[in-house]
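Report on the structure
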Amino acid sequence: MAAEDKRQLERAIDEITEIAKGFGLDFYPMRYEICPADIIYTFGAYGMPTRFSHWSFGKSFHRMKLQYDLGLSKIYELVINSNPCYAFLLDGNTLIQNKLIVAHVLAHCDFFKNNVRFSKTNREMVESMAASAERIRQYEILYGKHEVENFLDAALGIQEHIDPSLVKPQFDYVKEDSDTRNTKGQRKGLYDDLWGLDPEERERREKEEAKKNQPVRFPPRPEKDLLLFIEQYAQGLQDWQQDILTIVRGEMLYFWPQLETKIMNEGWASYWHQRILREMELTERETIEFAKLNAGVVQPSTTSINPYYLGVKMFEYIERKWDNPTEEEQHRLGRKKGEGRKKIFEVRELDSDISFLRNYLTKELVDELDMYVFAKQGNDWTITEKLWEGVRDQLVVSRVNGGFPYLTVENGDYLRNGELYLKHHFEGMELDIKYLERTLPYVHQLWKKTVHLETTIEDRQVLFTHDGKKTHRRFL
Amino acid sequence: MKEPMFIVSQEDWSLHRKGYQDQLRHQEKVKEAIKQNLPDLVSEESIIMSNGRDVVKIPIRSLDEYRFRYNYNKSKQVGQGNGDSKVGDVIARDGDPAAGAGKGSGAGEDPGQDYYEAEISVEELEEMLFSEMELPNLKRKDQNQITVTDIEFNDIRKKGLMGNIDKKRTILEALKRNARAGNPSLKGGISVDDLRYKTWDEVTKPHSNAVVIAMMDTSGSMGIFEKYIARSFFFWMTRFLRTKYEKVEIVFIAHHTEAKEVTEEAFFSKGESGGTICSSAYRKALEIIDSRYSPAVYNIYPFHFSDGDNLTSDNERCVKLVGELMKRSNMFGYGEVNQYNRHSTLMSAYKHVNDPKFKHCIIREKGEVYKALTTFFKKTEEAKA
């Protein structure tokens, strides 16, 4: 980039930053880095410039780069949730492209900083990931590239199965050995038999006795954090393997809020790049180019939901509604006129996609955006529903658990043989069986004993079992 | 001083090669997967029937990033219309709905495609396959030493012989030069500077010939499967020999109780009936070698495919004639296609042949063509090292 171009860009960023602050956006200090296409695509594929090496990232890098080379798609920008916040701009962007991107990125950063889902994310993740990558490189040297790669394959295969809830970070139970349990509370005093004369006390003791003979559940409650469970309780994991599981889990925890707020985050950023650019003095040519770019970003699709488009429409709708509350809303809910801005800032702080959709995707919006539910019927993908509640609920369902199946560990000592029993909590969507049968061996590779997964296929309970050689299935 | 709100920088990223390195690793894994599938690929019909020209697509299932995910085809999705969508409208047909517009189409990688399809040309496949094979170099023929000198026009220069002028390039240069001068036509004429000449290099090539004598039992007991196996085998073997010799000829001999030389088409498609006398084919082969392919000039590779169901009284003669053939050839290969593991009379006779030139292999299923190839053209230990 020529010095003159850079000066122009810096002037523009200065202006945009001032406008954004004026609007009340609250972001971290920014670091803009201008880099060539292959670097931006590398970051896009890895999710982070400093992340560890794995062939799967190479695969997506190749695919993304190919699409760029063929002119099919283009990433203009990449922003990283960190403090200071890094934003990567594609070398060769025009000034107006960069203006839009800078405005967009500032709103992303505001979202990262203020949305409650991000309240626990590690803002030093760039450095953490660099350190993790370095450790993994060391493990490759010490234990062999293939060994490490195989282990990473397995760990990445179940990386989504963590517990991202904000309130329960660690296990609150430990595995009890059966012998310690049996001896507990069994100390007999000299006159203990006297208690037997007291009927109340006798009843209490009998109950306790009965409880003791029941098989103990381990874990005591179904456990969502499969990755952590394996890390803690799998037999014979080496230190480096545990470390890799910790790394994979930590990185997933970092990315999780982004999965949970895709529609909101992109909607918020698009809402603000539009507002900010409207405040700027653009030339005629710039105005047209901006309009074209913006239209490209928020273009709806017939076969999926464009989060940019839906998000921005919803924020605009909320603002409108709260700016002009109805008589009834003013009266019953005590809403005042003109509080739209305030409301959307509140939404960006407290909601995630699920609550965002459930609370604010109304009949008006679904009709206005002409949204529908479609499904495969024979060879055709056909619209099956247009009722707004159906559309809303389907969208909400697709966002549950970041869009991944909800699995829990039901039993970590199944058949009293240390086998692992997982359960898929069926919510109307069946699992991909082919994938399931290929993923279960990964779980086995980590757990090192027979693993089971219970799910529902065509309204019947099915148990898949992998014993290290083969995967069987049987109806329950 | 307060920290600045923003910094714009541009670094030198040329050393950041991670994406490319991992891409390379992925490609390596694709190759590994193909290698693991070689036995299946070798007998892949689309390749054998393609005459080896095409790029073939190979499904490789081991390269997906497997995870627990929903069955896309059985779940409902949400989309957006132009304002007039109705229940019952078809928005996409089979396969995936087209990828969403806008950047970063988010939520899911496109499911539906459940395996990774690698494209590979037959040449690449050959390269991989042949890297495991080697010609049994039993006796070097003097003819391998004979070389011919050839000329190849492979360079363009500004000076040269007028007879070798490259008219097209010369005109092109003239056009360019005129265009640079702001005159996009040939009006400015051709100057000396525009002239381009072709020049040549002398190359020496070893002059070598090989002939494959493909013999096959076409008696009633040889079915479609047996013929397909023989066909795949000869397909790869001919290609392999072509990488080693300048010219490879194939002679097809079909036999039941009698042998005759046939065309390739007849060899693989025509079925005949009747009993089996293998020695007839060997006698025919000897006849052809003696009349047309002098062992002094040709590297001779007789290969015989049969189901092993030979007339018992003929076996002794076979062993004797195979001995004769081996004297004239580089090696002799016998492939037995024995799907059902029957007792083979011929094999029991060949068991006692003890000659490094004699190689045999039993093929029971499609995947074993690969095994046969690697048995016949096995890399010797020193070659591997």
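Looking at an unreviewed UniProt entry, chain B carries the name UPF0229 protein J2Z37_000259, with the source organism given as Ammoniphilus resinae.

Regarding the interface of chain A and chain B
Tallying the contact residues gives 102 residues for chain A and 67 residues for chain B. Summed over both sides, the interface of chain A with chain B buries roughly 7,900 Å², with 55% coming from carbon and sulfur. Considering only the surface of chain A that becomes buried against chain B, Trp55(A), Trp381(A) and Tyr435(A) emerge as the three largest contributors, covering 12% of it. With a closest N to O distance of 2.6 Å, Glu149(A) and Arg25(B) form a salt bridge. Our count for the contact surface shared by chain A and chain B stands at 38 residue pairs in polar contact (both at pLDDT 80 or more). With 8 residues, helix 19 (residues 433-447) of chain A is the single largest residue contributor to the side of chain A that touches chain B.

What about the packing of aromatic side chains?
Under the defined criterion, the tally for this structure stands at 49 aromatic pairs over all chains. Arranged with centres 5.1 Å apart and planes meeting at 75 degrees, the rings of Tyr334(B) and Tyr350(B) form a pair that is edge-to-face. In this pair, Tyr334(B) is assigned in strand 12 (residues 332-337) and Tyr350(B) in helix 10 (residues 345-350), connecting sequence segments 16 residues apart. Given a relative accessible area of 1%, Tyr350(B) falls into the buried group. Through a chain of ring-to-ring contacts, three or more aromatic side chains come together here, namely Phe130(B), Phe233(B), Phe234(B), Phe235(B), Trp236(B), Phe240(B), Phe303(B), Phe305(B), Phe376(B) and Phe377(B). Over the aromatic face of Tyr406(A) sits the side chain of Lys224(A), whose NZ or CZ is 4.9 Å from the ring centroid. Residue placement shows Arg69(B) over the ring face of Tyr435(A); its charged tip is 3.6 Å from the ring centre.

Description of the pairing of strand 1 (residues 6-9) of chain B
Because side chains alternate across strand 1 of chain B, one face comprises the buried residues Phe6(B) and Val8(B), and the other comprises Ile7(B) and Ser9(B), none of which is buried. Across 4 bridges, strand 1 (residues 30-35) of chain A lies against strand 1 of chain B in parallel orientation. Note that in strand 1 of chain B the partner of Arg31(A) across the bridge is Ile7(B).

A short note on a negative patch on the surface
The grouping of Asp198(A), Glu200(A), Glu203(A), Glu206(A) and Glu209(A) at the surface amounts to a negative patch. One can find Glu203(A) in helix 8 (residues 199-213).

Quick notes on helix 12 (residues 284-297) of chain A
All names here are of chain A. Between its terminal C-alpha atoms helix 12 stretches 20 Å, which fits the 20 Å expected from 14 residues at 1.5 Å a residue. Listed in full, the buried residues belonging to helix 12 are Glu 286, Phe 290, Leu 293, Asn 294 and Val 297. Considered in projection along helix 12, the buried side chains sweep an arc of 95 degrees and stay on one side of the axis. Opposite the packed face of helix 12, turned more than 90 degrees from it, sit the exposed residues Glu 284, Arg 285, Ile 288 and Lys 292. Buried positions along helix 12 lie against helix 4 (95-114), helix 11 (262-278) and helix 13 (307-323).

Comments concerning the pattern of salt bridges
One pass over the full model with this rule turns up 48 salt bridges over all chains. Between Asp26(A) and Lys113(A) there is a salt bridge whose closest N-O contact spans 2.9 Å. Separated by 87 residues along the polypeptide, Asp26(A) in the loop between helix 1 (3-22) and strand 1 and Lys113(A) in helix 4 bring together distant segments of the chain. In this structure, a network of salt bridges that share partners links the residues Glu149(A), Arg25(B), Glu28(B), Lys29(B) and Glu32(B).

As for the side chain of Thr261(A)
All names here are of chain A. Relative to the helices and strands, Thr 261 is located in the loop between helix 10 (239-260) and helix 11. For Thr 261, a relative accessible area of 0% translates into the label buried. If we skip the residues at most four places from it in the chain, Thr 261 touches Phe 111, Asn 115, Arg 117, Phe 118, Asp 351, Ser 352 and Asp 353.

About the cut-offs
Residues numbered from 1 in each chain as written. Chains lettered and ligands numbered in written order. Predicted model: local features only at pLDDT ≥ 70, side-chain atom pairs only at ≥ 80, totals over all residues. Heavy atoms only, no water. Contact = heavy atoms within 4.5 Å. Buried area = accessible area lost by both parts, 1.4 Å probe. Salt bridge = Lys/Arg side-chain N within 4 Å of Asp/Glu carboxyl O. Polar contact = N/O pair within 3.5 Å; in protein donor to acceptor, adjacent residues only side chain to side chain. Helix = DSSP H or I, 4+ residues; strand = E, 2+ residues; numbered from the N terminus. Phe/Tyr/Trp six-rings, centres within 6.5 Å; stacked < 30°, edge-to-face > 60°. Buried < 20%, exposed > 50% of the residue type's maximum accessible area, 1.4 Å probe, protein only. Lys NZ or Arg CZ within 6 Å of the ring centre and 35° of its normal. Pairing = 2+ DSSP bridges. Patch = residues over 30% accessible without salt bridge, like charges linked within 9 Å, V, L, I, M, F, W, Y side chains within 5 Å. Areas by Shrake-Rupley, 256 points an atom, 1.4 Å probe, with all protein chains shown as cover. Lys, Arg positive; Asp, Glu negative; His and termini not counted. Charge placed at Lys NZ, Arg CZ, Asp CG, Glu CD. Expected span 1.5 Å × (residues − 1). Arc of directions from axis to C-beta.

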